[in-house]
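Structural features, examined
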Amino acid sequence: MTTNRTFTMIKPDAIANGHMGAIIDHIIKAGFKVIALKYTSLSPEMAGKFYEVHAERPFYKDLVAFMSSGPIVAAILEKDNAVADFRTVIGATDPQKADAGTIRNLYAKSIDANAVHGSDSDENAMIEGNFFFSAFERN
Ligand code: GDP
């Protein structure tokens, strides 16, 4: 089933570097409606659970440490073809390879501290949104 929602996080590097407002503005100007929005932090345990699918990857420990190193913004976004369109808006995982004008090209410096997360499938968008927001928060 295809849905019209995706999930994003603004990562600790982007918050620390003062890009939170610019990134939210970029997302809205790209045509996404904000359904739910939360400024919070992840404990190492929560970050580990969120990125459990990457548990076997060599960078998992670094990723969990980074994602629990400072505040993040979590959001559910709505737009036709949300998952794929949002991946286009954020650009490639490695900011050096991200197209000009994408969020990672504009606001990220490295493959680990890459400014934003974007769901990679409708199924994961649902799981990730549910991880952060209760049912009444994501109407
Ligand atoms: P995404 O879907 O574009 O976020 O990329 P992936 O699902 O492949 O990886 C998840 C996250 O892990 C990325 O956004 C990065 O923050 C991090 N990551 C990916 N590759 C590396 C790497 O080679 N080294 C480190 N330290 N982090 C990485």
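Residues numbered from 1 in each chain as written. Predicted model: local features only at pLDDT ≥ 70, side-chain atom pairs only at ≥ 80, totals over all residues. Heavy atoms only, no water.

A few points about the overall build of the protein
Assigned secondary structure in the protein consists of 7 helices and 4 strands. In the protein, the succession of α and β elements from N to C terminus is β-α-α-β-α-α-β-α-α-β-α. Computed over its C-alpha atoms, the radius of gyration of the protein comes to 14 Å, within 12% of the 14 Å expected for a compact globule of 139 residues. Counting across all 139 residues of the protein, residues that qualify as buried make up 45%. The long-range share in the protein, meaning contacts at least 24 apart out of those at least 6 apart in sequence, stands at 75%. When the accessible surface of the protein is split by element, carbon and sulfur atoms take 54% of a total near 7400 Å². (Helix = DSSP H or I, 4+ residues; strand = E, 2+ residues; numbered from the N terminus. Rg over C-alpha atoms; globule rule 2.2 N^0.38 Å. Buried < 20%, exposed > 50% of the residue type's maximum accessible area, 1.4 Å probe, protein only. Contact = heavy atoms within 4.5 Å. Areas by Shrake-Rupley, 256 points an atom, 1.4 Å probe, with all protein chains shown as cover.)

Some points on unusual backbone geometry
Positive phi, close to 55°, is recorded for asparagine 81, a residue that is not glycine. Inspection of the secondary structure assignment puts asparagine 81 in the loop between β3 (72–78) and α5 (82–90). If you check the backbone angles, alanine 115 has positive phi at about 70° while not being a glycine. Relative to the assigned elements, alanine 115 resides in the loop between α6 (103–107) and β4 (116–118).

Overview of the pattern of salt bridges
Throughout the structure, instances matching the rule amount to 5 salt bridges. Note that lysine 79 and aspartate 85 form a salt bridge whose closest N and O atoms lie 2.6 Å from each other. (Salt bridge = Lys/Arg side-chain N within 4 Å of Asp/Glu carboxyl O.)

A few points about the site of the ligand
The immediate surroundings of the ligand are formed by Lys11, His54, Arg57, Phe59, Leu63, Arg87, Thr93, Arg104, Ile111, Asp112 and Asn114. Within the side chain of lysine 11, one N or O atom sits 2.9 Å away from an oxygen atom of the ligand. For the ligand, an oxygen atom lies 3.1 Å from a polar atom in the backbone of aspartate 112. Protein chains shield 81% of the accessible area of the ligand, which is 550 Å² for the free molecule. In this structure the site holding the ligand corresponds to the largest pocket. Partitioned by chemical class, the residues of the shell around the ligand number 3 nonpolar, 3 polar and 5 charged. (Near = heavy atom within 4 Å. Polar contact = N/O pair within 3.5 Å; in protein donor to acceptor, adjacent residues only side chain to side chain. 1 Å grid on protein atoms, 1.4 Å probe; cavity = no way out; pocket = protein on both sides within 12 Å on 5 of 7 lines; lining within 4 Å. Sits in = over half its atoms within 2 Å of the grid points. Nonpolar A, V, L, I, M, F, W, Y, C, P; charged D, E, K, R; others polar.)

Digging into the layout of surface pockets
By volume, the largest pocket is sized at about 720 Å³. For the largest pocket, the lining is made up of 24 residues, of which Tyr51, Val53, His54, Leu63 and His117 are closest to its centre. Within the residue set of the lining of the largest pocket, elements represented by two or more residues are α3 (44–50), α4 (60–67), β4 and α7 (122–132). Considering each element in turn, the lining of the largest pocket owes the most residues, 4 residues, to α7. Considering only residue class, the lining of the largest pocket consists of 8 nonpolar, 6 polar and 10 charged. Approximately 160 Å³ is the volume attributed to the second largest pocket. What lines the second largest pocket is Thr3, Arg5, Thr6, Phe7, Ile76, Asp122, Ala125, Met126, Gly129, Asn130 and Arg138. Counting residues per element, the ones that place at least two in the lining of the second largest pocket are β1 (5–10) and α7. It is α7 that contributes the most residues to the lining of the second largest pocket, 5 residues altogether. Here the residues of the lining of the second largest pocket are counted per class, giving 4 nonpolar, 4 polar and 3 charged. (Points joined across faces, edges and corners; volume = space filled by probe spheres on them.)

Keep in mind these numbers describe shape, not what the thing actually does.
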